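The lines below spell out each chain.
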Amino acid sequence: MQSETTASPHPAAFRTHDPQLEHIAAKVLDGERLGFNDGLVLYGSPDVLAVGWLANRVRERMHGDVTYFNVNRHINPTNVCVAACRLCAFGRKKGDAAGYTMALEEAWETAATGYTESVTEFHIVGGLHPDLPLEYFLDLVSGLKQRFPKVHIKAFTMVEVAYLARRAKLSIEETLKKMRSAGVDSMPGGGAEIFSARVRSIICDHKIDGEEWLETARIAHRLGFKTNATMLYGHIENDEDRVDHLLKLRALQDETGGFQTFIPLAFHPENTALDHLPVTTGLTDIRQVAVSRLLLDNFPHIKAYWQMLTAKIAQIALRFGADDLDGTVVEEKIYHDAGATTPQGMTRKELCRLITEAGRIPVERDTLYKAVTRTEDSFTVAV
Ligand code: V47
């Protein structure tokens with residue numbers, strides 16, 4: 001069966017062999033919001049290309065051909081973690097021979113190593129260390145700000161913020177204010193996993209629950225922080241759990257407007273307690289990007305994180321709803337501990353090539369999506 005929607009200003013017409021998608025296509029082309037059942041249809045549809053066509057349409061409506069990337073460096077100050085999540089291959093118990101914790105000097109030195117082009121962002125996340133106090137993390141950030149005053153610091157997931165607050169016996173708000181004074185500029189989207197209590201009790205039972213994750217993000221947004229959001233898929237969750245997760249994020253975004261980017265994260269089972277599960281397939285990854293774009297109508301950006309998807313799938317994702325590839329990264333531990341075979345980092349030139357060959361226009365951004373202009377060894381950010 002085929003359908004055509006003529007109301008569209010675009011020359012191309014929507015075509016599908018899945019009759020269930022027609023009603024959804026009409027809504028998408030009219031700019032109408034999709035509901036829970038629409039989400040289930042998108043996940044279940046045999047016509048992945050049609051789902052991707054719709055997501056691409058929304059993506060082009062929002063961003064045209066522009067595709068963002070940034071020049072960033074990840075820093076993971078410690079892998080020692082009390083949470084012992086079944087989903088994770090990165091965390092180590094205190095006393096484990098493979099555990100590490102960077103001295104502050106070491107973290108500051110790490111920040112300066114690896115990639116020669118000046119980075120615009122440090123992305124800092126780590127384990128829930130039982131002994132490191134909030135002050136360690138505040139000193140880490142303020143030391144980085146002193147040494148690299150132009151670099152945006154995107155640090156600490158909602159899970160880390162809530163944990164550090166509890167240990168310091170401070171409210172979330174007080175903790176975030178201290179982080180801001182130390183130099184934290186925004187927050188990454190990790191730790192959201194899947195909000196479903198049933199799934200969380202199996203994959204990450206010692207983490208804050210979904211409501212607490214959302215409440216911590218709400219407080220961060222109220223204080224003026226921009227943050228990202230993620231969803232971990234491809235383990236034991238079902239389509240209802242995925243739609244529920246996305247719609248909870250969308251509802252919070254309606255309330256606060258504080259989210260910038262959504263990053264769907266494919267589960268990597270190797271070296272985790274869930275290593276009997278299969279890895280996700282390319283079509284599952286591509287569909288997840290597309291459904292995210294279609295349901296999260298109030299999120300400005302959908303990121304195809306190349307480290308997690310592989311550069312090849314991330315490039316295809318730029319035609320299925322994604323408008324951002326993330327960055328140069330330089331050194332990645334969380335996915336590589338879980339079996340990722342992607343390189344540790346990519347150069348600016350390589351990222352531009354992936355984007356250009358996808359028929360898109362590469363734009364280097366800073367963390368807040370302002371365009372970056374480079375000279376030989378420095379950069380300026382548009383105001
Ligand atoms: O919170 C952990 C996930 C996240 C595994 O905000 C795993 O710009 C798959 O959040 N298989 C960290 N995923 C990464 C993250 C992120 C990455 C890039 C950009 C941004 C951003 C955020 O990785 C964790 C967890 O959800 N994770 N272990 C695993 N075995």
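Residues numbered from 1 in each chain as written. Predicted model: local features only at pLDDT ≥ 70, side-chain atom pairs only at ≥ 80, totals over all residues. Heavy atoms only, no water.

### As for the nonpolar core
Definition in use: To form a nonpolar core, buried Ala, Val, Leu, Ile, Met, Phe, Trp, Tyr and Cys residues must be joined to one another through side-chain atoms within 4.5 Å. Only protein chains enter the accessibility calculation, which uses a 1.4 Å probe; a residue is then buried when its area is under 20% of its type maximum, exposed when over 50%, and partly exposed in between. Each domain's extent is set by a domain assignment, obtained either automatically or from a database. Residue contacts are defined here by distance: any two heavy atoms, one from each residue, within 4.5 Å place the two residues in contact.
L176, W213 and L249 are the most contacted members of the largest nonpolar core, which totals 116 residues. Each of domain 1 (1-64) and domain 2 (66-381) accounts for three or more of the residues forming this core. If we skip the residues at most four places from it in the chain, L249 touches F195, W213, L214, A229, T230, F259, F262, L296 and F299.

### Some thoughts on the site of the ligand
Filter applied, for reference: Any residue with a non-hydrogen atom lying within 4 Å of a molecule or strand is treated as near it. Under the rule applied, a polar contact is a pair of N or O atoms within 3.5 Å (in protein, one hydrogen donor and one hydrogen acceptor; residues adjacent in sequence only if both atoms are side-chain atoms). The protein chains shown are the only cover counted for residues, whose accessible areas, like all others here, come from Shrake-Rupley with a 1.4 Å probe. A 1.4 Å probe that fits but cannot get out identifies a cavity on a 1 Å grid over protein atoms alone, an open set with protein on both sides within 12 Å along at least five of seven lines counts as a pocket, and a residue lines either if it has an atom within 4 Å of a point. Those molecules having more than half of their atoms within 2 Å of a cavity or pocket grid point set are described as sitting in that cavity or pocket. A run of H or I in DSSP counts as a helix once it spans at least four residues, and a run of E counts as a strand once it spans at least two, with each numbered from the N terminus.
In the vicinity of the ligand, 24 residues are found, and the nearest of them are K154, G189, G191, E193 and K303. Take E193: an N or O atom from its side chain is 2.5 Å from an oxygen atom of the ligand. Considered on its own, the ligand offers 610 Å² of accessible surface; in the complex 95% of this is hidden by protein. Structurally, the ligand is housed in the largest pocket. Mapped onto the shell around the ligand, the elements with two or more residues apiece are β6 (226-233) and β7 (259-266).

### Quick look at unusual backbone geometry
In this structure, F156 is a non-glycine residue whose phi angle is positive, near 75 degrees. Summarising the element assignment, F156 is placed in the loop between β4 (152-155) and α6 (158-168). One non-glycine residue, Y369, adopts positive backbone phi at about 70 degrees. Inspection of the secondary structure assignment puts Y369 in the loop between β10 (361-364) and β11 (372-374). Classification of Y369 as buried rests on a relative accessible area of 14%.

### A few points about the pairing of strand β1 (residues 66-70)
Threshold: For two strands to be treated as a pair, DSSP must find no fewer than two bridges joining them.
Of all the 5 residues making up β1, 4 are buried; the element is thus mostly covered by neighbouring parts of the structure. Strand direction decides the pairing type here: β1 and β10, joined by 4 bridges, are parallel. Within the sheet, the bridge partner assigned to T67 lies in β10 and is P362. As defined by bridge partners, β1 adjoins strand β9 (residues 324-327) across 2 bridges and the pair is classed as parallel. Note that in β9 the partner of N70 across the bridge is G327.

### With respect to α6
With respect to burial, α6 is a largely interior element, 8 of its 11 residues being buried. Here α6 has its buried residues at M158, V159, E160, V161, A162, Y163, L164 and A165. The elements touched by buried residues of α6 are α5 (134-147), α7 (172-182), β5 (186-187), α9 (210-222) and β6. Positive backbone phi, approximately 55 degrees, marks K169, located one or two places after α6.

### Focus: the domain arrangement of the protein chain
For clarity, the threshold we go by: Throughout, the accessible surface (probe 1.4 Å) given up by two parts as they are put together, summed over both, is called the buried area. What makes a salt bridge here is a side-chain nitrogen of Lys or Arg within 4 Å of a carboxyl oxygen of Asp or Glu, nothing more. Here the term charged refers only to Asp, Glu, Lys and Arg, the term nonpolar to Ala, Val, Leu, Ile, Met, Phe, Trp, Tyr, Cys and Pro, and the term polar to all other amino acids, Gly among them.
Considered domain by domain, the protein chain is made up of domain 1 (1-64) and domain 2 (66-381). Placing the centre of domain 1 and that of domain 2 at their C-alpha centroids yields a distance of 29 Å. Across the domain 1/domain 2 interface, buried area totals approximately 2,400 Å², and carbon plus sulfur atoms make up 62% of it. The largest contributions to the domain 1 side of the interface with domain 2 come from R33, Y43 and R59, which together make up 34% of the buried area. D254 is paired through a salt bridge with R33; the nearest N and O atoms lie 2.7 Å apart. One can count 15 residue pairs in polar contact (both at pLDDT 80 or more) joining domain 1 with domain 2. Put simply, the parts of the chain that give the side of domain 1 that touches domain 2 at least two residues each are α2 (36-44) and α3 (48-63). The element contributing the most residues to the side of domain 1 that touches domain 2 is α3, with 12 residues. Per-class residue counts for the side of domain 1 that touches domain 2 are 13 nonpolar, 8 polar and 3 charged.

### Some points on the side chain of E364
Positionally, E364 belongs in strand β10. According to the relative accessible area criterion, E364 is buried, its value standing at 4%. In terms of polar contacts, E364 uses its side chain to reach the side chain of R348, at 2.6 Å. Setting aside anything within four residues of it in sequence, one finds E364 in contact with F69, V71, T120, R348, K370, A371, V372 and R374.

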